[in-house]
Amino acid sequence: MSPEKEREAALAMLAAVSYGRLALTREALPYVAVARHVVADGRIILRTHRGWGVHRAGDGAVVAYQADNTASAQPDAWVAHITGTASAFTPTEAERELFGGLPVSADGEPFEPVYLRIEPRYASSYRVYRAEP
């Protein structure tokens, strides 16, 4: 599959779910954070809680983002990966609306949203077809 088709396939898979995992480094050590995401204009937009500091660690960094549907009961499981450069940014009102409502709190604090945008440079995806029970 061409790199462009692979990116399109991975973005389509990511658009089908709401949460994934962001892999980055914090203080030169590997770190994985859960994030709410949307796909807009061929990019991944992440929303996290300011108190977690993920936006500071990810801003300007090369990151990986992964999501899947492996917890679903669907007969085909898939995993999609995107690698690219993340940047902190302020989304438009239309982009914020794509996320839906805000969580009330995170770790007992009022949820304060911050956003990262990932410009995909590399994408991969795969499917696993499960046997019927």
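Just above, that's the structure.
Quick summary incoming for the structure in this document. (Residues numbered from 1 in each chain as written. Predicted model: local features only at pLDDT ≥ 70, side-chain atom pairs only at ≥ 80, totals over all residues. Heavy atoms only, no water.)

### Focus: the overall build of the chain
In terms of helices and strands, the chain carries 3 helices and 8 strands. Moving toward the C terminus, one meets the helices and strands of the chain in the order α-β-β-β-α-β-β-α-β-β-β. Computed over C-alpha atoms, the radius of gyration of the chain comes to 15 Å, within 12% of the 14 Å expected from 2.2 N^0.38 for 133 residues, which places it in the range of a compact globule. With the C-alpha coordinates of the chain rotated into their principal frame, the extents come out at 45 × 35 × 30 Å. Looking at the chain as a whole, 40% of its 133 residues qualify as buried. Taking the contacts inside the chain whose residues are at least 6 apart along the sequence as the reference set, 70% of them involve residues at least 24 apart. (Helix = DSSP H or I, 4+ residues; strand = E, 2+ residues; numbered from the N terminus. Rg over C-alpha atoms; globule rule 2.2 N^0.38 Å. Buried < 20%, exposed > 50% of the residue type's maximum accessible area, 1.4 Å probe, protein only. Contact = heavy atoms within 4.5 Å.)

### Considerations on the environment of Tyr65
Among the structural elements, Tyr65 can be located in strand S4 (residues 62–68). Spatially, the C-alpha atoms of Tyr65 and Arg127 are 17 Å apart, while their sequence positions differ by 62 residues. Among the polar contacts listed, one links the side chain of Tyr65 to the backbone oxygen of Ala35, at a separation of 3.1 Å. (Polar contact = N/O pair within 3.5 Å; in protein donor to acceptor, adjacent residues only side chain to side chain.)

### Points about the sheet that holds strand S8 (residues 113–129)
Around the barrel, 6 strands lie side by side as S1-S2-S3-S8-S5-S4; this closed barrel has antiparallel pairing. Pairs of neighbouring strands in the sheet enclose a mean axial angle of 40°, with direction left out of account. Pairing analysis gives 6 bridges linking strand S3 (residues 43–49) to S8, with the strands arranged antiparallel. Bridging from a neighbouring strand, His49 pairs with Pro113 of S8. (Pairing = 2+ DSSP bridges. Axes fitted to C-alpha atoms, helices over the stretch in contact; angles between N-to-C directions.)

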